[in-house]
Amino acid sequence: MSIPQVSFVIVTYNNANTIGMCLCSIAEQTTLSFEIAIIDNSPDPHTRQAARDFISSHTGVAVRIITPGENIGFSRACNLGADVT
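Residues numbered from 1 in each chain as written. Predicted model: local features only at pLDDT ≥ 70, side-chain atom pairs only at ≥ 80, totals over all residues. Heavy atoms only, no water.

Draft legend 1. Structural detail: the nonpolar core. Ile 10, Ile 19, Leu 23, Ile 26, Phe 34, Ile 36, Ile 38, Ala 50, Ala 51, Phe 54, Val 61 and Val 63 form the largest nonpolar core, which has twelve residues in total. Breaking this core down by element, the ones donating at least two residues are helix 1 (19–29), strand 2 (34–40) and helix 2 (46–57). Discounting chain neighbours no more than four positions away, the residues touching Ile 26 are Phe 8, Ile 10, Phe 34 and Ile 36. (Core = buried A, V, L, I, M, F, W, Y, C linked by side-chain atoms within 4.5 Å. Buried < 20%, exposed > 50% of the residue type's maximum accessible area, 1.4 Å probe, protein only. Helix = DSSP H or I, 4+ residues; strand = E, 2+ residues; numbered from the N terminus. Contact = heavy atoms within 4.5 Å.)

Draft legend 2. Molecular detail of the sheet that holds strand 3 (residues 62–66). With parallel pairing, three strands are arranged side by side in an open sheet as 1-2-3. Of all strands in the sheet, those with a lone pairing partner are strand 1 (6–12) and strand 3, marking the two edges. Geometrically, the sheet is characterised by an average inter-axis angle of 15° between neighbouring strands, direction not taken into account. The pairing of strand 2 with strand 3 spans five bridges and is classified as parallel. Bridging from a neighbouring strand, Ile 39 pairs with Ile 66 of strand 3. Along the sheet face, helix 2 touches strand 1, strand 2 and strand 3 and points at about 165° away from the line of strand 3. (Pairing = 2+ DSSP bridges. Axes fitted to C-alpha atoms, helices over the stretch in contact; angles between N-to-C directions.)

Below you can see the structure in the form of structure tokens.
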């Protein structure tokens, strides 16, 4: 596997209704090789499940879902995503 040219870090909180559209847009509009790190601060599993649904239907897209277990806030979540990309 080659090193991605672009890394996307998405911080989310209870966005099950929109995360799939966001991921689809990235997959459809990005012409360079890329990876996606999703930091899900949500207390419920719905956003993670929506992301997993995307992953299962887009097997060629490198997506990592990180669940800190609590809402760690936007800036800490961004840093966490940057650490894994």
